[in-house]
Amino acid sequence: MKVAILSGSVYGTAEEVARHAANILKTAGFETFHNPRASLADVQAFGPEAFLAVTSTTGMGELPDNLQPLYFTIRDQLPAAWRGLPGAVIGLGDASYGDTFCGGGELMRELFGELGIREVLPMLRLDASESVTPETDAEPWLAELVSALRG
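Residues numbered from 1 in each chain as written. Predicted model: local features only at pLDDT ≥ 70, side-chain atom pairs only at ≥ 80, totals over all residues. Heavy atoms only, no water.

(A) Expanded view of the overall build of the protein. Broken down by element type, the protein carries six helices and six strands. Starting at the N terminus and walking to the C terminus, you meet the elements of the protein as β-α-β-α-β-α-β-α-β-β-α-α. For 151 residues, the compact-globule estimate of 2.2 N^0.38 gives 15 Å, and the C-alpha radius of gyration of the protein, at 14 Å, lies within 12% of that figure. Its C-alpha atoms give the protein principal-axis dimensions of roughly 40 × 35 × 25 Å. Looking at the protein as a whole, 48% of its 151 residues are labelled buried. Considering only contacts in the protein between residues 6 or more positions apart, those separated by 24 or more positions represent 78%. As displayed, the protein has an accessible area near 7,200 Å², and 50% of this comes from carbon and sulfur atoms. (Helix = DSSP H or I, 4+ residues; strand = E, 2+ residues; numbered from the N terminus. Rg over C-alpha atoms; globule rule 2.2 N^0.38 Å. Buried < 20%, exposed > 50% of the residue type's maximum accessible area, 1.4 Å probe, protein only. Contact = heavy atoms within 4.5 Å. Areas by Shrake-Rupley, 256 points an atom, 1.4 Å probe, with all protein chains shown as cover.)

(B) How the structure looks around the environment of Cys102. Here Cys102 is to be found in the loop between strand 4 (86–93) and helix 4 (103–115). For Cys102, a relative accessible area of 0% translates into the label buried. Sequence separation between Cys102 and Asp127 is 25 residues; the distance between their C-alpha atoms is 8.3 Å. Here Cys102 is in contact with Thr57, Gly91, Leu92, Gly93, Met123, Arg125 and Leu126, once residues within four sequence places are set aside.

(C) Spatial organisation of helix 3 (residues 68–77). When we look at burial in helix 3, the residues that qualify are Leu70, Tyr71 and Ile74. Along the axis of helix 3, the buried residues cluster in a sector spanning 100°; they form a single face. Exposed side of helix 3, more than 90 degrees from the buried face: Pro69 and Asp76 are the residues found there. Summarising the contacts, the buried residues of helix 3 are in contact with strand 1 (2–8), helix 2 (40–46) and helix 4. The positive-phi residue at the C-terminal boundary of helix 3 is Leu78, with phi of around 40°. (Arc of directions from axis to C-beta.)

(D) Expanded view of the UniProt feature "domain: Flavodoxin-like" (unreviewed entry) in the protein. Under the local residue numbering, the UniProt record ascribes the feature "domain: Flavodoxin-like" (unreviewed entry) to residues 3–146. The straight-line gap between the two end C-alpha atoms of residues 3–146 is 11 Å; of that span, 40% is helix and 21% is strand. (UniProt positions renumbered as here; feature names shortened; annotations may be inferred.)

See the structure below:
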């Protein structure tokens, strides 16, 4: 199965989590695509059969600058070929920001919903105020994702 990993990061933490997720998925036998500066054409050329979004949150619950162009292009075009594909989201944030905690992840969940991508696991919320090693903290959830994608 081909898994496209869409990621957005401000300081690099979400990119590290996305790279770690790609390694775990590859080890489990999946083919992965991850490019933090990917265009819609890049993602479509890969021919994804599943999606994972990994994003931090910036400002007032927004997506990082590097993910916004892809997000808006996907939202404008809503590729019909992705309807029904499995997907999941890892959101990074800081719970001390209250209502905007993991807002970037919530935006990706909403986009997946508009696309008709099936959420195979509830969004993983990684809290910067509690986690020193978010990539390691994501491992149990990623193991569940591997099982869900195989199922």
